[in-house]
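A structural walkthrough
Listed below, chain by chain, are the residues.
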Amino acid sequence: METTIRQYTEKDLAAVTKIWNEVVAEGNAFPQDTPFTPEEARAFFASQTFTGVAESGGRIVGFYILHPNNAGHCAHIANASYGVSSEARGTGMGERLVRHSLEMCRKHGFVGLQFNAVVSSNTAAIRLYEK
């Protein structure tokens, strides 16, 4: 099935929040340990430099957020977080999201992307980022 990765819109809020909260509940990928309320999610996803969503078969199956890794003189390096729905894992969706985020880094003026908040037990993500 074909996958499209595009910019997040408000209509994606419920689906992206559901995936975010699923990943948070698993406790293996994000530093956060509490789920987002709809209001928190709305503000968070809208505040990113870029939020991308992966859509396949008319459903949101993944997303990523892209933003500066630091402030001021260090804002030229990006940071990103990725989430893939449990039913889309193992399909290469994560790699497609990472590759798309690298394109968006360049488009938004970042000179690099730093993976510096990876939970050590998330071995699938570590393998992907090393690749």
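We now turn to the structure provided with this report. (Residues numbered from 1 in each chain as written. Predicted model: local features only at pLDDT ≥ 70, side-chain atom pairs only at ≥ 80, totals over all residues. Heavy atoms only, no water.)

Thoughts on the pattern of salt bridges
Where we set the bar: Just to be clear on terms, a salt bridge is a Lys or Arg side-chain nitrogen sitting within 4 Å of an Asp or Glu carboxyl oxygen. Strands are runs of DSSP state E lasting at least two residues, helices are runs of H or I lasting at least four, and both sets are numbered from the N terminus onward.
Summed over all chains, the structure comprises 7 salt bridges. The partner of Arg 6 in a salt bridge is Asp 12, and the shortest N-O contact between them spans 2.8 Å. The salt bridge partner of Arg 42 is Glu 10, with a shortest N-O separation of 2.6 Å. Taken together, the residues Arg 42 in helix H2 (residues 38-46) and Glu 10 in the loop between strand E1 (3-7) and helix H1 (13-26) connect sequence positions 32 residues apart. Through salt bridges that share partners, Arg 6, Asp 12 and Glu 55 make up one connected network.

With respect to the layout of surface pockets
Formally: A cavity, in this analysis, means grid points on a 1 Å lattice covering only the protein atoms where a 1.4 Å probe fits yet has no way out; a pocket is instead an open set bounded by protein on both sides within 12 Å along at least five of seven lines, and a residue lines either one if it has an atom within 4 Å of a point. Grid points are joined across faces, edges and corners, and a volume is the space filled by probe spheres set on the points. Residue type decides the class: Asp, Glu, Lys and Arg count as charged, Ala, Val, Leu, Ile, Met, Phe, Trp, Tyr, Cys and Pro as nonpolar, and the leftover types, Gly among them, as polar.
Looking at the largest pocket, its volume works out to about 770 Å³. Along its surface, the largest pocket is lined by 35 residues, and Ala 29, Tyr 82, Asn 122, Ala 125 and Tyr 129 are the ones closest to its centre. Breaking the lining of the largest pocket down by element, the ones donating at least two residues are H1, strand E3 (59-68), strand E4 (77-84), helix H3 (93-107) and helix H4 (123-130). Broken down by element, the lining of the largest pocket gets its largest block of residues, 6 residues, from E4. Its residues assigned to classes, the lining of the largest pocket comprises 20 nonpolar, 12 polar and 3 charged. Within this model, the second largest pocket holds a volume of roughly 150 Å³. When contributions to the lining of the second largest pocket are tallied by element, the ones reaching two or more residues are H3 and H4.

Observations regarding the sheet that holds strand E2 (residues 50-56)
As a reminder, the rule being used: By definition, two strands form a pair when at least two bridges between them are found by DSSP. Any two residues having at least one pair of non-hydrogen atoms within 4.5 Å are treated as being in contact. An axis is simply a line fitted to the C-alpha atoms; with a helix, the fit covers only the stretch in contact. Between two such axes, the angle follows the N-to-C directions and lies from 0 to 180 degrees.
Pairing within the open sheet is mixed, and its 5 strands lie in the order E1-E2-E3-E4-E5. Edge strands, defined here as strands with exactly one partner in the open sheet, are E1 and strand E5 (112-113). Inspection of the sheet shows E1 paired to E2 by 5 bridges, in the antiparallel sense. In the sheet register, Thr 4 faces E2, and the bridge partner there is Glu 55. The strands touched by H1 are E2, E3 and E4; relative to E3, the strand with the most contacts, the crossing angle is about 75 degrees.

What about the nonpolar core?
Heads up, the rule is: Among buried residues, those of type Ala, Val, Leu, Ile, Met, Phe, Trp, Tyr and Cys that are joined through side-chain atoms within 4.5 Å constitute a nonpolar core. Whether a residue is buried, partly exposed or exposed follows from its accessible area with a 1.4 Å probe, protein chains only, as a fraction of its type maximum: under 20%, in between, or over 50%, in that order.
Ranked by size, the top nonpolar core spans 18 residues in total, and within it Tyr 64, Leu 66, Tyr 82, Leu 97 and Leu 113 carry the most contacts. Residue assignment for this core shows that the elements contributing at least two residues are E2, E3, E4 and H3. Considering each element in turn, this core owes the most residues, 5 residues, to H3. Not counting chain neighbours up to four residues away, the residues in contact with Tyr 64 comprise Ile 5, Phe 50, Thr 51, Gly 52, Ser 81, Tyr 82, Leu 97, His 100, Ser 101 and Met 104. Core analysis: the next-biggest nonpolar cluster, separate from the first, contains 16 residues, Ile 19, Val 23, Ala 29 and Phe 30 among them.

What about the side chain of Asn 21?
Tracing the backbone shows Asn 21 in helix H1. Aside from chain neighbours lying at most four places away, what touches Asn 21 is Pro 35 and Phe 36.

A look at the environment of Cys 74
Locating Cys 74 in the fold gives a position in the loop between E3 and E4. Cys 74 gets classed as partly exposed once you look at its relative accessible area, which sits at 42%.

A word on the pairing of E2
The buried count for E2 comes to 6 of 7 residues, which makes it a mostly enclosed element. Pairing of E2 with E3, which is carried by 7 bridges, proceeds in the antiparallel orientation. Looking across to E3, one finds that Val 53 is bridged to Phe 63. If you look at the hairpin formed by E2 and E3, you'll find 2 residues sitting between the two strands, and Gly 57 has a positive phi there, around 60 degrees.

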